[in-house]
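Next come the chains, spelled out residue by residue.
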Amino acid sequence: MFALTGIGRLVTNDPRHDSGLLGVIENAGLVADTSGRITWVGPSREISSHTDVEPTHVGGRCVIPGFVDSHTHLVFAGDRAEEFEARMSGRPYSAGGIRTTMAATRSASNDMLRDNVSRLASEALASGTTTIEVKSGYGLSVADEERSLVAASATTTETTFLGAHVVPPGVDADDYVAEVSGPMLEACASHARWIDVFCDRGAFDVDQARHILRAGAAKGLGMRMHANQLQPGGGVALGVELGVASCDHCTHLTDRDVEALSSTNGLTVATLLPTAELCTRSPFPDARRLIDAGVTVALASDCNPGSSYTTSMPLAISLGVISMHMTCDEALWAATAGGAKALRRDDIGVLKSGARADLLVLDAPSHIHLAYRPGVAQIGAVVRDGRVVVGSL
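Computed from a predicted model, the values in this text were never measured in an experiment.

Asks: How would you sum up the pattern of salt bridges? Please name residues and give values.
Replies: According to the stated counting rule, one finds 23 salt bridges in the structure shown. Of the charged contacts, one joins Arg289 and Asp255 as a salt bridge, the two residues approaching to 2.7 Å between their closest N and O atoms. Taken as a pair, Arg289 in helix 10 (residues 287-292) and Asp255 in helix 8 (residues 255-263) lie far apart in primary sequence, 34 residues in all. Judged by relative accessible area, which is 29%, Arg289 ranks as partly exposed. Its relative accessible area of 54% is what places Asp255 among the exposed residues. For the salt bridge of Arg288 with Asp292, the shortest nitrogen-to-oxygen distance reads 3.1 Å. Of the two residues, Arg288 and Asp292 both sit in helix 10, 4 residues apart, roughly one turn of that helix. With a relative accessible area of 22%, Arg288 lands in the partly exposed category.

See the structure below:
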C-alpha cells in the first residue's frame, strides 16, 4: 500500500470536499492500494483508520493530481531550430516546416522514433505529466503513419491517428483524403484510440475533415480535432456537430463558436495550447471568454518540433494565468481534470477513491506557486499508480 500524511494542501478536483473548483482538503492524508488505486482521502487525523502501513509525512507540502497532457506530437525525427531562430529574428525562412519533419521522420528507423517518444515522455514525466496523449502526423504515408503509432503505443495508450495533419507535397488533396480515410486508417486503427484532423487554412476543409472523422468513428476511434488555430472557420462548428471530445487550439473564435462549445455542457472540451502562441508570437486564446461562457477548458503542451518544442505543463499553467487571464485554480484544473475530460477519462486528473494514484508532491505550500514562480522546478516527487517514479518523498 501507499500512504501519505502531513499534506498541507491536497488538491483533489473533487467538489465534494469544498465549495471551490479544486476540492481542497487542508492537513490531509491519502491512501492507495497495491494496484495503484486510491482508496481514501481525507483529514490526516483519520488516516490510521484507513491503512495499516506507516504513512510518509510530506512536511506540509502541497499535493496535486498529476498533469494530463492531452495534445502532443512526440513521434518525429530531427528538429527545426533554424526555423525557430529565423522566426524569432524576423527573417524569412524558406525551409519546409512540417515537410522537413516529414522527410526526417520517414528516414528514421523504428528504434529512433520509439526512443524519441520515450525521451520526450520521460522529460514530461519529470515535470509532472503522468498521462500523455501522443499523435502521429509526420509520416503521412500508410507505412510511416502506422509505424509512428506503433512507436507511440510503446509509451502511452492515449494514441491518436493524425494522418490528416497536412497534405504531403506532390499529392492531390482529394486523393490524400481518400487514402487517409481508406488504407491508411485501415492500417492505423488498431494502434490508435483517437482520430484527429487539422481543419484550418492550408490543411483540410470542413467537408474533408467531416469525411475523415466519420471514417475513423466507423472504425471505433474517438474523435478530436485541431480547430480555429490560424483563422476563424468552420472547425469548431464541425467538432460540436460531430460531438468530438476536444477542439484544440481555439485561438480564433466567433461568438457563435463559443456558444456552440458552451452548448455541449462539457461534452466537447476547448483545449488551449498557449506555448504554441508563445513560440510563434501569436495572439493567445481568450480563455477568460470561454470560461465565463461555461465552456470546459483544458490546457496542453502541444509539444512538437516546429511551433512548441516543450513538454512543460507548468509553463502552460503559468501562461494560462499570466497571459490568458485564468485564475490559478482554473489553470491547474484545466491542466489536470480538464485534460482528463478531453480524453474522456474519469480515473485521472482527480484524487478520489477509485482513481489512479497519479499525483505530484510540490516543493511549495500551494499550487499557486506553479504560476507565481514561472520557470522554477517545483516538482519534489512524481507518483504514478502509487509508486514514486521521479524524485523522492
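Asks: Any details on the environment of Leu273? Residues and values, ideally.
Replies: Along the polypeptide, Leu273 turns up in the loop between strand 13 (269-272) and helix 9 (274-280). Using a relative accessible area of 0% as the deciding quantity, one classes Leu273 as buried. Residues Leu273 and Cys303, 30 residues apart in the sequence, show an inter-C-alpha distance of 9.3 Å. Ignoring any residue separated from it by four or fewer positions in sequence, one finds Leu273 in contact with His71, Asp248, His249, Ala300 and Asp302.

Asks: An account of helix 2 (residues 98-107) is requested, with residue identities and associated values reported.
Replies: Taken together, the buried positions of helix 2 are Thr101, Met102 and Thr105. On an axial view of helix 2, the arc spanned by its buried residues comes to 105°, and they lie on one face.

Asks: Any chance you could break down the pairing of strand 10 (residues 194-199) for me, citing the residues and the numbers?
Replies: Each regular strand carries side chains that alternate between the two faces of the sheet. Strand 10 sits mainly inside the fold: 6 of its 6 residues count as buried. The alternating pattern of strand 10 places Trp194, Asp196 and Phe198 on one face and Ile195, Val197 and Cys199 on the opposite face, and all of these are buried. Here strand 9 (residues 159-164) pairs with strand 10 via 3 bridges, running parallel. Bridge pairing in strand 10 links Phe161 to Ile195. Viewed along the sheet, the connection from strand 9 through helix 5 (residues 173-188) into strand 10 turns out right-handed. Sheet topology places strand 10 next to strand 11 (residues 222-227); 6 bridges connect them, and they run parallel. Looking at strand 11, one finds that Asp196 is bridged to Arg224. Crossover connection from strand 10 via helix 6 (residues 206-218) to parallel strand 11: handedness right-handed.

Procedures and definitions
Residues numbered from 1 in each chain as written. Predicted model: local features only at pLDDT ≥ 70, side-chain atom pairs only at ≥ 80, totals over all residues. Heavy atoms only, no water. Salt bridge = Lys/Arg side-chain N within 4 Å of Asp/Glu carboxyl O. Helix = DSSP H or I, 4+ residues; strand = E, 2+ residues; numbered from the N terminus. Buried < 20%, exposed > 50% of the residue type's maximum accessible area, 1.4 Å probe, protein only. Contact = heavy atoms within 4.5 Å. Arc of directions from axis to C-beta. Pairing = 2+ DSSP bridges. Right-handed = clockwise from strand over helix to strand, strands pointing away.

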